[in-house]
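Survey of secondary and tertiary structure
Here is what each chain is made of, one letter per residue.
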Amino acid sequence: MATTPLDDLLSVDTLTGMIKTFADQSDNRSCSTLFSQFGRPLYPMGDAASWDEVAFARHLAPVAGPDSPHTRAKRTTTQKRTSTMAWVKAYKDLPASHLFLNRAPGSDMADAEAILAIELEDLANLIANTREFLACGALLGRIVVNPQTVPGSDVSFQVDFGNLQAQAQQSWADPATKIRSDELLVLKQTYKDASGLRAQVVVTEPSVEGHLVKNPDVRDFAKEAYSREILGTLNPTGTNPAWGTLAGLNFRFTDGTYKPEGGQVTRYFPANRALVLPEAARLTQVLGWAEGKVHVPSGTIFGDVASAVRSLRELRGAYAYAEVRTDPIGIRIYAGWHGLPVILNPTAVMVYDVAPAAPSPAP
């Protein structure tokens, strides 16, 4: 039997491909983009992700004479880490009347394919929101999932990565603070001392950019015209080329938000925090992106039911598929993601508080 365009659209391959495309919303997904683009791919065989945290030696190798024996060096220490991966799953019911009788948005006529694409994009957006929440949590050192942090969840788990924590000497919110002359130099040295790597990427949020723009020490360096260039060149991925020359650090700004149902707009990234990372080429040694196995029915929505039951397909990470509903007549679309962002080297991810609270005066 010949297939219709809707048959082709509802195939597992097409739906999964659309979900992956729609979920790539880098303008609001700076943290998960770091993992998916630069992190080391991990392919767990079961429901848990496992990875090794390797501690490399940083001392000097001894100097010996020509006839002296080699000095024994200690083997690297490896800590095996394991965590349950997240299942992010959602579905939508699309009655036949909604697909075939309602006017498609932006059109004067019904368009089942356009309506389906819009609903699938909305599902992808929900899933991408949760992936960004998980990725930001990992970069900040702790993923916490429960019904309070992720409303509607029916599981609770927590992953502590133990990322490096540090803070500025003086609050960057204070205009008198020498951010470029003193603070950024301290930031880079603190990172270098702790990780043995050179700081190059700083991920932060708009309030920190505000501190930089308003700070006289930075403005004296940038000058008025250059400051206007900085304010006008933030691109959709969150990077700002004009900040690349500030103390040799490449600043990336994330301003992503989500809004819980019935709740307030919430930022993924806390105010006055900056994440310090090494150069992009080294991020595969620091970040990991685990995607687990998922199983979906094969065939199209109008395929033989018995055949669909007998035949399942194995995919990794993101997936989407559809099934016919008979009461009422319509389609149910399922979409999800199975995985976890992980920190492979916690000492190479520094969470930096740029505006620490002033100490309380002594009694």
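Before reading further, recall that the structure is shown in the block above.
Attention in this report is confined to the structure presented alongside it.

Right, let's talk about the overall build of the chain for a bit. Scanning the chain for helices and strands turns up 9 helices and 18 strands. Within the chain, the fraction of its 363 residues that count as buried is 43%. Here the contacts in the chain between residues at least 6 apart in sequence split such that 72% fall between residues at least 24 apart. As presented, the chain carries roughly 19,500 Å² of accessible surface, and 52% of it is formed by carbon and sulfur atoms.

Moving on to the sheet that holds strand β9 (residues 250–253). Think of a sheet as strands paired side by side through backbone hydrogen bonds, with each pair either parallel or antiparallel. Sheet architecture is open: 5 strands sit in the order β7-β18-β12-β8-β9, paired in mixed fashion. The open sheet is flanked by β7 (164–167) and β9, the only strands paired with a single partner. For this sheet, the mean angle separating the axes of adjacent strands, direction not counted, is 25 degrees. Judged from the 4 bridges that link them, β7 and strand β18 (residues 350–353) form a sheet pairing that is parallel. Considered in β18, the bridge of Gln167 is made with Asp353. Of the strands in this sheet, β7, β9, β12 (273–277) and β18 touch helix α6 (residues 179–195), which is tilted by about 150 degrees from β18.

In this section: the pattern of salt bridges. Tallying each qualifying case throughout the model produces 8 salt bridges. Between Asp93 and Arg332 there is a salt bridge whose closest N-O contact spans 2.6 Å. Note that Asp93 is positioned in strand β4 (residues 86–95) and Arg332 in strand β17 (residues 329–343), a separation of 239 residues in sequence. The buried category is assigned to Arg332, whose relative accessible area is 12%.

Once that is clear, we can look at the nonpolar core. Ile143, Trp172, Leu287 and Tyr352 are the most contacted members of the largest nonpolar core, which has 82 residues in total. At 13 residues, helix α5 (residues 112–140) tops the list of elements feeding residues into this core. The next biggest cluster of nonpolar side chains, apart from the first, holds 7 residues, and it includes Val12, Val294, Tyr319 and Tyr334.

A few words on the packing of aromatic side chains. Inspection of the entire model under this criterion finds 10 aromatic pairs. Judged by centre distance (5.9 Å) and plane angle (45 degrees), the rings of Tyr91 and Tyr334 are tilted. With Tyr91 in strand β4 and Tyr334 in strand β17, this residue pair connects regions lying 243 residues apart in the sequence. Residue class for Tyr334 comes out buried when judged on its relative accessible area of 18%. By way of ring pairs, the aromatic residues Tyr91, Tyr319, Tyr321 and Tyr334 are connected into one cluster.

Here the focus is the environment of Pro41. By the element assignment, Pro41 lies in strand β1 (residues 40–42). Along the chain, Pro41 and Glu291 lie 250 residues apart, while their C-alpha atoms are 7.7 Å from each other.

Turning our eyes to something else, we now look at the packing of helix α3 (residues 30–38) against α5. Interhelical geometry of α3 versus α5 gives an angle of 80 degrees and a closest axis separation of 7 Å. By the angle between their directions, the pair α3 and α5 is classed as roughly perpendicular. Contacts from Ser30, Cys31, Ser32, Leu34 and Phe35 in α3 reach Arg131, Glu132, Ala135, Cys136, Ala138 and Leu139 in α5. Per-class residue counts for the contact of α3 with α5 are 7 nonpolar, 2 polar and 2 charged.

So, on to the environment of Ala173. Looking at the secondary structure, you find Ala173 in the loop between β7 and α6. Residue Ala173 is classed as partly exposed on the basis of its relative accessible area of 45%. Separated by 182 residues in the primary sequence, Ala173 and Ala355 have C-alpha atoms spaced 6.2 Å apart.

Burial of β12 is extensive: 4 of the 5 residues sit out of reach of the surface. Taken together, the 4 bridges between strand β8 (residues 201–204) and β12 define a ladder with antiparallel strand orientation. Bridging from a neighbouring strand, Val203 pairs with Leu275 of β12. The sheet contact formed by β12 and β18 spans 4 bridges and is antiparallel. Across the sheet, Arg273 pairs through a bridge with Asp353, a residue of β18.

Cut-off values and rules
- Residues numbered from 1 in each chain as written.
- Predicted model: local features only at pLDDT ≥ 70, side-chain atom pairs only at ≥ 80, totals over all residues.
- Heavy atoms only, no water.
- Helix = DSSP H or I, 4+ residues; strand = E, 2+ residues; numbered from the N terminus.
- Buried < 20%, exposed > 50% of the residue type's maximum accessible area, 1.4 Å probe, protein only.
- Contact = heavy atoms within 4.5 Å.
- Areas by Shrake-Rupley, 256 points an atom, 1.4 Å probe, with all protein chains shown as cover.
- Pairing = 2+ DSSP bridges.
- Axes fitted to C-alpha atoms, helices over the stretch in contact; angles between N-to-C directions.
- Salt bridge = Lys/Arg side-chain N within 4 Å of Asp/Glu carboxyl O.
- Core = buried A, V, L, I, M, F, W, Y, C linked by side-chain atoms within 4.5 Å.
- Phe/Tyr/Trp six-rings, centres within 6.5 Å; stacked < 30°, edge-to-face > 60°.
- Parallel < 35°, antiparallel > 145°, perpendicular 65-115°, else oblique.
- Nonpolar A, V, L, I, M, F, W, Y, C, P; charged D, E, K, R; others polar.

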